[in-house]
Every structure is written in C-alpha cells, then in structure tokens.
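Tertiary structure, described
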Amino acid sequence: MNDFIQAGYTVVGTENNENKLLSFLKENYPNVIRDTEINIEELKAVLGLPIDEKVNGYGLNFVGRNFARAKYAQKTEKELRLNTTLSKNIDTTGNLVLKGDNLDSLKILKNHYSGKIKCIYIDPPYNTKSEEFVYPDKFDKEETEVLGLANLSESDFARMDFSFKTKQSHNGWLAFMYPRLLLARDLLSKEGVIFISIDDNEQANLKLLCDDIFGEENFSSSIIINSTPNARNYGHVAKMHEYCLMYCKDLYSTETYELVDEKRTFKYSDSVGEFNIHPLYNSDESFHIGNRKNLYYPFYIDINSGDKDNFYKISLEKNEVYTKEVYPPLSSKNKIQFVWRWGKEKASKNLNIEITGYLTEENEFRIVRKMRHTSKIARSIFQDSSFSGRKGTAEVEGLFENKVFDYPKPLQLLKTVLNIGAEENDIILDFFAGSGTTGHAVMQLNAEDGGNRKFILCQLDEPIKKDKPAYKFCIDNNLPPVISSITIERLKRAGEKIAKEIEEDNSKNGMFEEHKKQAPDLGYTVFDSTEAPKLKVDDKGQIAITENDTDAMSRIYNMIFTVGLDEPTQVPEEVVKDCIYKIGNHYYITNSQKITSDDYSSAIKNGKVFIDGWTASLNGTLQNYKEDVKIVF
C-alpha cells in the first residue's frame, strides 16, 4: 500500500483523517483528552474560564461509551464475497442482502449509501431475560489499544469487562447499539426517518441514546403497538404493548406520508367528488391578528345562492350580489381574534371550488374548506389486531409450514411504517433483518401499488440452537443452520407467493391486458462477509499479503462498494474475463498483472480507471499509467 503511495499513485481507502486540533491537544494538553474525548471542564480550566462545579450536565452516560464511539470510527476488516447460490435474479434486482456482523455491513454500505437511505426500520435485541444478551463485539486489552484507548485505567477496564460479559447488562446493550445507530444516522438522507422497535427493558435508555445521536429536536414519536392483545394475567399489570421510536434525520426537512383511511365516509359531493367540510379559520390561539395580519381579511357571501346543503357562493370583492361580510370569529375562551388558514392569493384560486360559504345550524355564516382526503396522518397508537405478534408468527408459519422464528414482526406493522416513512421509489434499510419481514413488506407493497422500493437487509450468521425447529428445517433443506438462512428463505418463499397471486389475478376471466399487473422486483443479491486481505510481516521480515480466496467478481464488487460512485446492485459489464469490468464509463480492474498495455490504454481512453490494490503489482506496464488510475484497497 505504501509502495503505491510512494510511487505516486492515488490510493482509495487510505485517506488521512487526522484531526490536527485533536493531535495538538493530545501533544500539549493531554489532561484535556480522556479516552479520545474532550473533557470540557478541563479545557475550561486550561483556558482560564470559570468552572461551575455544581453543574454536572444532563444526558446518557454508560460504561463503554468512548469504546463504542471508537468502534464507530474504526475501519472494518471485513469485505464481501458474492453468493450466487443464494441470490435470486442478480441481473435485474435492486435489492441487497448482506450476511455478517451489521457493524461491518453498515461501514461497507457507507461509501455509496451515505445520505441516500430514506427509511430505516430495525428490531434489535430487546435485552430481555429470555434472550440472555451479552455484548458480542470484540473486546479485550489489545482492542482498547487498537482503538486509541491505551490510557484506560485498570479500574475502568475492569468495569467495562464486567459490564460487557454480564447477561442483560444495560451498559453492554448500549455500547452495542451506539456505533450502529451512529452509522444509521450517516446513512439516512436529510429527509429520512428511522423506526426502532423496543420494549420496556431498554425503551427509556434507547430514547436518551437516540436523543444524543439524532438530536432531541428530531424526535418524532414513541408509537405504541398493541402487540399482545391477549396479554397473560401475569405480574401487577398485564403487558399488551411494545414501542416503536421514530426519529428524523432533520425534523424540518423530513418527508412523511399519510395513511389510507379505509373507514372514512363523506357527507357531501360535488362535480369534483365527495367531501366533508372544515372551518377555514385556524382555531389555534397562537395564530391571531397580532402575528398573522396577512391572514385576516373578509369574504363576501351571496345570501341568495344557498343550495339544499346550505352552501353559498363567496367572493373576495363586495358588490351588489356578494353583500354579507364574513371574518374569522373570536375564540370562545379568551376572545382572541382568529385568522384564516389560507392567504388571499390561495383563497382566490379556490373560491367556490375548494372553499365555500356555509350556513350553520345556529344560523351563522362561515367559510369552510372541502376536505376530500382519503388518508390521514398516522396515529401514535397502533391498535389493530393485524399488528399483534401472533399475526407475525402465523404469517411465517404459513410460508414455512413450521414455527421457524420466535417473535417475527407482523407484515402489517412493516407496511404501515414504510407507508409513513417512504415513497414508491425509496430505499429501505433493515440491519437487524431477522425473519425478513422488512424485505417481504417491500415486495408486497410494490405488488399492491406498482412501486419500485428497494430493500437492503443485514443479518448476522447467528447459529440456530439444535433444539429449535428452525435448525431441523435448515438441515432438511441443505441450508446452513444460521438465522440468515431463514431470512433469505423467507424472501424466496414470499416472492414466490406474491408472483403466484399476481398470476392468478391476471388469469381471471374478463381481465383486459392493460389491467394486468406486472410482478415487482422479487430478487436480491446476497453477499457473505469474509476477512479482508491484510499486510503482514513474515518470519524473514518481509511484508506480504494474507491469503484471500475471493473470486474476481467479488473483488470487483468490493471495489464498487469502496469507491462509492456506482450503485452496487448494478451488474458490471465484462470487458476482460476475471480482470476488467465496467459500469458506465467507470472501469474496475482486478488481477491487473494479467492484462496488456492495450487493455489499460483502452480503459483509460474511455473512462475512469480503478485498480484493485490487493491483486496489483508495481510492474512496468502499470507504472506507465500511474497518473491515470486510482488504486483501491
């Protein structure tokens, strides 16, 4: 790697991210730095500023916080290997499944998908007694030194060691979630939103953690889900609900969407369609003539134009026809002068179309708006039985004819949060994929409304215990007995079910060709996680690259993920087998020692060239083109 840099090549993936201010403080004022974080009170002391000893601040502190923060910044030592056996429709799909530790997967995704994910849903471990959660990430003395925490005291290390190895530890759970949620924040688009399912065990801690990561001002809702309608008569209060925390990347930029209100009925109709009515004035006393003068103006009603529903024609100009003057009323409680919701310009464009006069039962004239919405803003309580855990279990059993997963989330829950947080062409991420409900929901929604949503699922190859039905299912179906096998098999079976249902609908008698549905994207590209090559020093002091049996196509995909310019779901076009592939005018080269000078010059002439540093050598041919290529590690 250093050889390429010293030889004058541009090397991708080794950028110097040194913080000069932090280095200065470490060198000159080491007491200001504690476990790679700045001690504000020490910094104030150094600067000679007053210190309030009584103020301790407010926020969430936990054992291992700085260690977890360092885990977020640590570069992953994993890379991806294309799994063609488990993938489906690789040539056409826009969906991804990444097997392996989601901490590594999120870091790999970051180069291309940073700021591009519209909606994230996760169902992380709940840290309950039955789960026996223990901190799973690498932790030992050596790791703390690698992460720059060499000055960690023995007592601090002992506290972390105890917390991380204790079952159901709040500290361990928070240290596990912290770096993953930081990465999730990086991946969310400015308009994006994240939903996190949780129960009472960690809800309070998770709320504070998310306030810290996403900002308290970006908290949107704590949705209550009636997950156990038939709660057991156990304890002091039978627990029926779980939570789903909803945070925005930026509350004022976030776009969310209303849900279809299937129960809504309408009282009136006109040439445009059905509608209900709502007063045009704003009944919020904080909006009044004192601060919204532009929204205080009169309408004029033609009192001879009433129809059977007591609607009357209106104008913004007074004349011999429009004579009855109407202003917004006063508030009944404090006699505050209300104002209209609309300004004059918008009102003038909608006169007698979307706004009209109305005579109330109290014989008072009002200006009303016609409400034609068939949707409504989501409510913070999800009560319907379709959100119950039993429903999720039944759905998985229906696909597998067996109970292969404990507590899968119901399809309707995912469809609902996705309808709130994403539109028809957005990317949805779930990095605790579990039984694959999120992927199933994306495919189902696309089948129902013709959308083109894409999913990215991350799931650890977590071993399944031998006494579980899922273990026998995997063995009987020649699948590795790990949770990711269930994730992918669910996607496969759900896709087949959706395709069959569409085919049956299209074959009904009398169905016109133009009304037939097209099957959505039911495929997915699967990648395994594997150790990335490393530089090591052998017994003779020589630097060598660790053995890596990754195939050429996987090396190309790893470059695509690392460079971040091209959508990783695209299939690269082969130029020279096992060596050169391209997407658009971007050329990706592996096994560069096998290609000719003409191959190099052709690629350079037609586009940008990226070369796999792990399979490259500083030969004469490559030296001739060092100004025109970038080396990728």
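Structure first, text after, so check above.
First, a word on what this report is: a plain description of the structure on this page. Just so it is clear, the structure is predicted and the values come from calculations on it, not from any experiment. (Residues numbered from 1 in each chain as written. Predicted model: local features only at pLDDT ≥ 70, side-chain atom pairs only at ≥ 80, totals over all residues. Heavy atoms only, no water.)

Taken together, the five strands give an open sheet; going across it, the order is β11-β12-β20-β19-β15, and neighbouring strands pair in antiparallel fashion. Strands at the two margins of the open sheet, each flanked by one partner only, are β11 (268-269) and β15 (311-312). Here strand β12 (residues 274-279) pairs with strand β20 (residues 365-371) via four bridges, running antiparallel. Paired with histidine 278 across the two strands is arginine 369, which belongs to β20. (Pairing = 2+ DSSP bridges. Helix = DSSP H or I, 4+ residues; strand = E, 2+ residues; numbered from the N terminus.)

On to a negative patch on the surface, then. A contiguous patch of negative charge, built from Glu191, Glu255, Glu423 and Glu424, is present on the exposed surface. The residue glutamate 423 is located in the loop between α12 (411-421) and β23 (427-430) in this model. Residue class for glutamate 423 comes out partly exposed when judged on its relative accessible area of 41%. (Patch = residues over 30% accessible without salt bridge, like charges linked within 9 Å, V, L, I, M, F, W, Y side chains within 5 Å. Areas by Shrake-Rupley, 256 points an atom, 1.4 Å probe, with all protein chains shown as cover. Salt bridge = Lys/Arg side-chain N within 4 Å of Asp/Glu carboxyl O. Lys, Arg positive; Asp, Glu negative; His and termini not counted. Charge placed at Lys NZ, Arg CZ, Asp CG, Glu CD. Buried < 20%, exposed > 50% of the residue type's maximum accessible area, 1.4 Å probe, protein only.)

Attention now goes to helix α17 (residues 597-606). Listed in full, the buried residues belonging to α17 are Tyr600, Ala603 and Ile604. All buried residues of α17 lie within an arc of 95° about the axis, which places them on one face of the element. What points out from α17, more than 90 degrees from its buried face, is the exposed set Asp598 and Lys605. (Arc of directions from axis to C-beta.)

The next subject is the environment of phenylalanine 455. If you trace the backbone, phenylalanine 455 turns up in strand β24 (residues 454-459). Judged by its relative accessible area of 0%, phenylalanine 455 is buried. Residues phenylalanine 455 and methionine 443, spaced twelve residues apart in sequence, show a C-alpha to C-alpha distance of 8.7 Å. Not counting residues within four places of it along the chain, the set of residues in contact with phenylalanine 455 comprises Gly94, Asn95, Leu96, Val97, Ile428, Gly439, Val442, Met443, Leu491, Gly523 and Tyr524. (Contact = heavy atoms within 4.5 Å.)

Turning our eyes to something else, we now look at the pairing of β12. In the sheet, β11 pairs with β12 via two bridges, with the strands oriented antiparallel. Residue pairing for β12: tyrosine 268 is matched across the bridge by phenylalanine 275. What sits between β11 and β12 in their antiparallel hairpin is a turn of four residues, with glycine 273 showing a positive phi close to 155°.

Attention now goes to helix α4 (residues 65-73). The element α4 is extensively covered by neighbouring structure, given that seven of its nine residues are classed as buried. When we look at burial in α4, the residues that qualify are Arg65, Asn66, Phe67, Ala68, Ala70, Lys71 and Tyr72.

So, about the environment of glycine 564. Mapped onto the fold, glycine 564 is located in the loop between α16 (552-563) and β28 (573-576). The sequence separation of glycine 564 and isoleucine 108 amounts to 456 residues, and the corresponding C-alpha distance is 9.6 Å. Once you skip the residues sitting within four places of it in the chain, glycine 564 turns out to touch Asn111 and His112.

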